[in-house]
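# Structural overview for review
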Amino acid sequence: MKTITMEPLPREFYSRDTLVVAKDLLGKYLIRHLNDENIVAKIVEVEAYRGSDDPASHAYKGQTPRNQLMFGKAGFSYVYFTYGKHYCLNVTTEKEGIPGAVLIRAIEIMDGLELARRNRKANSLVNLSNGPGKLTEALNITKIHNGLDLTERNELFIRHSEIDRSHEITVSRRIGIKAGSEKLWRFYIKDSTFVSKL
DNA sequence: GAGAAGATCTCCT
DNA sequence: GGAGATCTTCTCA
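We now turn to the structure provided with this report. (Residues numbered from 1 in each chain as written. Chains lettered and ligands numbered in written order. Predicted model: local features only at pLDDT ≥ 70, side-chain atom pairs only at ≥ 80, totals over all residues. Heavy atoms only, no water.)

The environment of DNA strand C is made up of Thr64, Arg66, Phe81, Tyr83, Gly84 and Lys85. With respect to DNA strand C, the backbone of Tyr83 contributes an N or O atom lying 2.7 Å from a base oxygen. Looking at the surface near DNA strand C residue by residue, the class counts come to two nonpolar, two polar and two charged. (Near = heavy atom within 4 Å. Polar contact = N/O pair within 3.5 Å; in protein donor to acceptor, adjacent residues only side chain to side chain. Nonpolar A, V, L, I, M, F, W, Y, C, P; charged D, E, K, R; others polar.)

And the structure:
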């Protein structure tokens with residue numbers, strides 16, 4: 001039985017305007033294959049980061065070894081380490097040569113909860129994955145997952161959900177940045193309890 | 001080679 | 001609500 005919704009999202013999904021991709025990623029399923037098990041998680045909160053028009057972006061001042069994936073093909077993972085403790089998971093966007101990425105800020109784990117709990121101790125279900133550093137820990141995502149092609153059935157990819165129910169999207173300022181904080185480039189599913197901050 | 005800042009989380013008050 | 005943890009990356013010399 002092969003249903004189209006089980007396939008990874010194609011390259012064309014990602015190689016569009018970063019703001020459009022960010023909004024479209026809400027409600028999609030993030031699949032993490034680990035130890036012959038799967039964690040399936042719904043994306044509920046994202047932020048868009050672009051290039052020379054976005055002072056908060058890693059790509060603002062041009063290409064460096066770290067941010068080169070943002071300038072490359074769309075549909076790849078961009079994982080970076082920050083604050084000496086945390087990894088953050090992004091997906092690259094825009095056509096090749098144009099920098100862009102979407103930061104996954106919060107997810108709701110639908111399946112594979114046991115495995116996620118083994119990866120990250122949390123005092124509540126919500127606290128397991130309601131922040132960018134938390135969800136990477138729950139999914140055991142580190143720098144070795146930087147640069148994976150998300151359009152293939154890798155150990156990490158994104159697909160449609162079985163039931164693409166409509167959801168209301170809330171728009172807000174991005175979190176944890178100084179420059180560029182006036183831009184309304186953070187998007188989340190309105191009624192989700194897994195959102196990192198209201 | 002040194003120094004500063006950072007797309008965060010946890011613990012403490 | 002605020003500070004500390006902790007280390008990578010970038011900039012400048």
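Quick look at a nonpolar patch on the surface now. A surface patch of nonpolar side chains, amounting to about 240 Å² of accessible area, comprises Ile169, Val171 and Leu184. Take Leu184: it is sitting in the loop between β7 (169–172) and β8 (186–189). (Patch = residues over 30% accessible without salt bridge, like charges linked within 9 Å, V, L, I, M, F, W, Y side chains within 5 Å. Areas by Shrake-Rupley, 256 points an atom, 1.4 Å probe, with all protein chains shown as cover. Salt bridge = Lys/Arg side-chain N within 4 Å of Asp/Glu carboxyl O. Helix = DSSP H or I, 4+ residues; strand = E, 2+ residues; numbered from the N terminus.)

A word on the pattern of salt bridges. Evaluated as defined, the whole model comprises 12 salt bridges. Measuring nitrogen to oxygen at the nearest pair gives 3.7 Å for the salt bridge that ties Arg118 to Glu37. A residue pair is termed long-range when its members are at least 10 positions apart, and Arg118 in helix α4 (residues 113–119) and Glu37 in strand β2 (residues 37–49) qualify at 81 residues. We classify Glu37 as partly exposed; its relative accessible area is 31%. (Buried < 20%, exposed > 50% of the residue type's maximum accessible area, 1.4 Å probe, protein only.)

The next point concerns helix α2 (residues 18–25). Buried within α2 are the following residues: Thr18, Leu19, Val21, Ala22 and Leu25. Taken down its axis, α2 places every buried residue within 160° of arc, on the same side. Contacts made by the buried residues of α2 are with α1 (11–14), β2, β4 (86–92), β5 (101–111), β6 (156–159) and β8. One side-chain oxygen at the N-terminal end of α2 lies 2.9 Å from the backbone nitrogen of Leu19; it belongs to Asp17. Directly beyond the C-terminal end of α2, a positive phi value near 90° is found at Gly27. (Arc of directions from axis to C-beta. Contact = heavy atoms within 4.5 Å.)

A volume near 540 Å³ is recorded for the largest pocket. As for the largest pocket, its lining consists of 21 residues, of which Tyr80, Tyr83, Ile175, Gly176 and Ile177 are closest to the centre. For the lining of the largest pocket, the secondary structure elements donating two or more residues are β3 (77–82), β4, β5 and α5 (132–138). Partitioned by chemical class, the residues of the lining of the largest pocket number 12 nonpolar, seven polar and two charged. The space that makes up the second largest pocket amounts to roughly 340 Å³. Lining the second largest pocket are 18 residues; nearest its centre among them are Lys42, Arg165, Ser166, His167 and Ile189. Here the residues of the lining of the second largest pocket are counted per class, giving five nonpolar, six polar and seven charged. (1 Å grid on protein atoms, 1.4 Å probe; cavity = no way out; pocket = protein on both sides within 12 Å on 5 of 7 lines; lining within 4 Å. Points joined across faces, edges and corners; volume = space filled by probe spheres on them.)

Another point: the packing of aromatic side chains. Aromatic ring pairs are defined here through the distance separating the ring centres and the angle between the ring planes. For the structure on display, the rule yields three aromatic pairs. Centre to centre, the rings of Tyr78 and Tyr80 are 5.7 Å apart; their planes meet at 40°, and the pair counts as tilted. On the basis of relative accessibility, which here comes to 15%, the residue Tyr80 falls in the buried class. (Phe/Tyr/Trp six-rings, centres within 6.5 Å; stacked < 30°, edge-to-face > 60°.)

Around DNA strand B, a shell composed of 19 residues is seen, among which Tyr80, Asn90, Arg120, Gly133 and Lys178 lie nearest. Restricting the count to atoms of DNA strand B within 4 Å of the protein gives a sugar and phosphate share of 51%. Contact distances for DNA strand B include 3.2 Å between a phosphate oxygen and a backbone N or O atom of Pro132. Within the contact set of DNA strand B, a phosphate oxygen lies 2.8 Å away from a backbone nitrogen or oxygen of Gly133. Of all the elements in the fold, those that place two or more residues in the surface near DNA strand B are β4, β5 and α5. Class assignment for the residues of the surface near DNA strand B results in eight nonpolar, seven polar and four charged.

If you check the backbone angles, Asn35 has positive phi at about 55° while not being a glycine. Relative to the helices and strands, Asn35 is located in the loop between β1 (29–34) and β2. The phi dihedral of Asn140 falls on the positive side, at around 55°, and the residue is not glycine. Relative to the helices and strands, Asn140 is located in the loop between α5 and β6.

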